[in-house]
Amino acid sequence: MANSRTSAILVFASALILLVSAANLAHAESLGTWTSTTIYPIQLAGTGCAVVSDATYCVGGFDSSYNSYDDVYYASLTSTGLGTWVTGTVYPTAVDSESCVSANSTIYCVGGEEEGGQVVLDNVYYSQISSPLEFSWSAGATYPQ
């Protein structure tokens, strides 16, 4: 009896999840067409980017030789795309593939790697953005993994 009740609950839960998913898809909106905007100043992959207020900040990245960078660039957000990329305060370490997010005018970047993935980082750095030209990086508690 318990097994049939559990099976019925699982079937019901699965059907409910499918209905909710279908309802969400029915309300999805198209992004429209993609438009080119200001080109990033150097050719990198694996940059960590976050939006703070009306600017996009991008940290680190790696080039075609898998060299990691400590560069930080930011650009203002406009109705037509991105403004000119400007060099920001360098990140405390060369890094790529880190995750960056923002909250309350602060950028937080977690982990990442360097040396072509040979070194995995547990660093956490953050920076309060009072203005695009005035920010500095501080170390937070290391990531536990």
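Position numbers for residues count from 1 along each chain, tracking the sequence in the order it is written. Per-residue local features of the predicted model are confined to residues with pLDDT of at least 70, and side-chain atom pairs are confined, for both listing and counting, to 80 or more; whole-chain, interface and lining totals are unaffected and use all residues. As a rule here, side-chain values cover all heavy atoms of the structure and leave hydrogens and water aside.

Thoughts on the pairing of strand β3 (residues 72-78)
Where strand β2 (residues 55-59) lies against β3, five bridges are found, and the strand directions are antiparallel. Among the inter-strand pairings, V59 is bridged to a residue of β3, identified as V72. Pairs of strands are assigned from DSSP output, requiring at least two bridges between the strands. Only DSSP runs of H or I covering at least 4 residues are called helices, and only runs of E covering at least 2 are called strands; the numbering of each starts at the N terminus. Of the strand pairs in this sheet, β3 and strand β5 (residues 86-87) are connected by two bridges, and their pairing is antiparallel. The partner of Y74 across the bridge, within β5, is V86. As paired strands, β3 and strand β4 (residues 81-82) are joined by two bridges and run antiparallel to one another.

Regarding a nonpolar patch on the surface
Among the surface-exposed residues, V101, Y108 and Y126 lie close enough to one another that they form a single nonpolar patch of about 260 Å² accessible area. With respect to the helices, strands and loops of the structure, Y108 is situated in strand β7 (residues 106-110). Exposure above 30% relative accessible area and the absence of a salt bridge qualify a residue for a patch, where like charges join within 9 Å and nonpolar side chains (Val, Leu, Ile, Met, Phe, Trp, Tyr) within 5 Å. Each accessible area is a Shrake-Rupley result for a 1.4 Å probe, and residues are judged covered by the shown protein chains and nothing else. By salt bridge we mean one thing: a side-chain nitrogen of Lys or Arg within 4 Å of a carboxyl oxygen of Asp or Glu.

A few points about the nonpolar core
Membership of the largest hydrophobic core comes to 17 residues, with the highest contact counts inside it found for Y57, V59, Y91, I107, C109, F135 and W137. Among the secondary structure elements, those contributing two or more residues to this core are β1 (48-52), β2, β3 and β7. Sorting elements by how many residues they give to this core places β2 first, with three residues. For W137, the residues in contact, after removing those within four places along its chain, are V59, V72, T89, V90, Y91, P92, I107, C109, Y125, Y126 and S127. In plain words, nonpolar cores are sets of buried Ala, Val, Leu, Ile, Met, Phe, Trp, Tyr and Cys residues tied together by side-chain atoms within 4.5 Å. Each residue is assigned to one of three classes by its accessible area relative to the maximum for its type, calculated with a 1.4 Å probe on protein chains only: buried under 20%, partly exposed between the two thresholds, exposed over 50%. Residue contacts are defined here by distance: any two heavy atoms, one from each residue, within 4.5 Å place the two residues in contact.

Topic: the packing of aromatic side chains
The description of an aromatic ring pair rests on the distance of the ring centres and on the angle between the ring planes. Pairs were defined over the aromatic rings of Phe, Tyr and Trp, the Trp ring being its six-membered one, requiring ring centres within 6.5 Å. Orientation was assigned from the angle between planes: stacked under 30 degrees, edge-to-face over 60, tilted for the rest. Applying the stated criterion to the full structure yields seven aromatic pairs. An angle of 80° between the planes, with centres 5.2 Å apart, marks the rings of Y91 and Y125 as edge-to-face. In this pair, Y91 sits in the loop between β5 and β6 (99-103) while Y125 sits in strand β10 (residues 124-128), placing the two residues 34 residues apart along the sequence. Residue Y91 is classed as buried on the basis of its relative accessible area of 2%. A residue is classified by how much of its surface remains accessible, and Y125, at 15% relative accessible area, is buried. Residues Y91 and W137 carry aromatic rings whose centres are separated by 5.0 Å and whose planes lie at 80° to one another, so their mutual orientation is edge-to-face. Remark: W137 occurs in the loop between β10 and β11 (138-139) and Y91 occurs in the loop between β5 and β6; sequence separation between them is 46 residues. Each of the two residues, Y91 as well as W137, counts as buried.

Some words on the environment of I39
Within the secondary structure layout, I39 lies in the loop between α1 (2-26) and β1. Sequence separation of I39 and W85 is 46 residues, and the distance between their C-alpha atoms is 8.2 Å.

Overview of the state of the cysteines
By convention in this document, the label disulfide applies to cysteine sulfur atom pairs within 2.5 Å. Applying the stated criterion across every chain, the model contains two disulfides. Across a sulfur-sulfur distance of 2.1 Å, C49 and C58 are joined as a disulfide pair. In this structure, the disulfide formed by C49 and C58 twists by about 115° around the S-S bond and is classed as right-handed. The class for C49 is partly exposed, based on a relative accessible area of 35%.

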